[in-house]
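# Reading the structure
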Amino acid sequence: AFEYPKRVQAGCAWLLVVSRLHERQMVGLAVSATYCFVYMWQEASVIHHGCGNVLGHQWWQCTWEMFRRSAMLVGLLCHIPSMILCLCRVRELDAIFVIMGDIRKLEHIRGVVRDLERSMRADAEKEVLLQSVNDRVLVRVKLFQDFRHHIMGSLTKRNYDLVFEA
């Protein structure tokens, strides 16, 4: 894997490829220019030689093919300047893609925080429930201990009185 920026020599010119997007756009521009040249060459040969001395169905088929190639040629002629403009502004496009990646990361963090918030809310509700159960149980345990001390206190006092009577 190559590190960016790359330096590429094309003939006597050096190109600086700053990102993967830049590289893909350059390849796309080269492929589009090649297709444009092929379609221009085909259109020129059809115009130069014509559809021949064909009549009827073959003439319409030839005309349709010529129209289809012309539409493709117009599309490529519109596409190539837009690709050149994108190549000139590739750093801004890369910045946009970095920002979009940051937005996705922030959305993921927001989801994690939302899940943590739900978990904390559930834990707080469980803690309130546990505290109320604890309060009720401790009151009953305290009553039981007080009752036991009262019983034990009176039994101890009776045993003490019995020891001194004898």
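These remarks concern the structure in this document. (Residues numbered from 1 in each chain as written. Predicted model: local features only at pLDDT ≥ 70, side-chain atom pairs only at ≥ 80, totals over all residues. Heavy atoms only, no water.)

### A closer look at the overall build of the chain
Cut-off, in case you're wondering: Elements are defined by DSSP. Helices are runs of H or I of four residues or more, strands are runs of E of two residues or more, and each kind is numbered from the N terminus. Residue burial is assigned from relative accessible area. The probe radius is 1.4 Å, only protein chains are included, and a residue is buried under 20% of its type maximum, exposed over 50%, and partly exposed in between. Should any heavy atoms of two residues lie within 4.5 Å, those residues are considered in contact.
For the chain, the count of helices and strands is three helices and two strands. Reading the secondary structure of the chain in the N-to-C direction produces β-β-α-α-α. Evaluated residue by residue, the chain yields a buried proportion of 13% over its 166 residues. Partitioning the contacts of the chain with sequence separation of at least 6, the portion at a separation of at least 24 is 58%.

### Focus on the packing of aromatic side chains
Applied cut-off: Paired rings are identified among Phe, Tyr and Trp, the last through its six-membered ring, by centres lying within 6.5 Å, and are further divided according to the angle between planes into stacked (under 30 degrees), edge-to-face (over 60) and tilted (the rest).
Across all of its chains, the model carries one aromatic pair by this definition. With centroids separated by 5.7 Å and ring planes inclined at 35°, the aromatic side chains of Trp 64 and Phe 67 adopt a geometry described as tilted. In this pair, Trp 64 and Phe 67 both sit in helix α2 (residues 57-88), three residues apart, roughly one turn of the helix. Neither residue differs from the other here; Trp 64 and Phe 67 are each classed as exposed.

### Quick look at the nonpolar core
As a reminder of what qualifies: In these notes, a set of buried Ala, Val, Leu, Ile, Met, Phe, Trp, Tyr and Cys residues joined through side-chain atoms within 4.5 Å is what counts as a nonpolar core.
With eight residues, the main nonpolar core is built from Leu 29, Cys 36, Tyr 39, Leu 73, Leu 76, Ile 80, Met 83 and Leu 87. Every element with two or more residues in this core is listed here: α1 (20-49) and α2. Sorting elements by how many residues they give to this core places α2 first, with five residues. What Ile 80 contacts, discounting residues up to four positions off in sequence, is Leu 29, Ser 32, Ala 33 and Cys 36.

### Looking at the pattern of salt bridges
Note the following rule: By salt bridge we mean one thing: a side-chain nitrogen of Lys or Arg within 4 Å of a carboxyl oxygen of Asp or Glu.
A complete count under the given rule lists six salt bridges for this structure. Arg 69 is the salt-bridge partner of Glu 65, the closest N and O atoms lying 4.0 Å from each other. A residue pair is termed a helical-turn pair when its members lie 3 or 4 positions apart in one helix, as Glu 65 and Arg 69 do in helix α2 at four residues. Note that Glu 117 and Arg 121 form a salt bridge whose closest N and O atoms lie 3.4 Å from each other. On the criterion of helical spacing, the pair formed by Glu 117 and Arg 121 is a turn pair, its members being four residues apart in helix α3 (residues 90-165). A cluster of three or more residues bridged by salt bridges with shared partners is formed by Glu 65, Arg 68 and Arg 69.

### Digging into the pairing of strand β2 (residues 13-17)
What counts, and what does not: Two strands pair if DSSP finds at least two bridges between them.
Pairing of strand β1 (residues 6-10) with β2, which is carried by five bridges, proceeds in the antiparallel orientation. Opposite Val 8, over in β2, you have Leu 15 as the bridge partner. Linking β1 back to β2 in an antiparallel pair, the connection comprises two residues, with Gly 11 at a positive phi of about 70°.

### Considerations on a nonpolar patch on the surface
For clarity, the threshold we go by: Residues form patches when they are more than 30% accessible in relative terms and have no salt bridge. Like charges link within 9 Å. Nonpolar side chains (Val, Leu, Ile, Met, Phe, Trp, Tyr) link within 5 Å. Using a 1.4 Å probe, accessible areas were evaluated by the Shrake-Rupley method; residue-level cover was limited to the displayed protein chains.
A cluster of nonpolar residues, Leu 129, Val 133, Val 137 and Val 141, forms a patch on the protein surface that exposes about 330 Å² of accessible area. By secondary structure assignment, the location of Val 141 is in helix α3. On the basis of relative accessibility, which here comes to 37%, the residue Val 141 falls in the partly exposed class.

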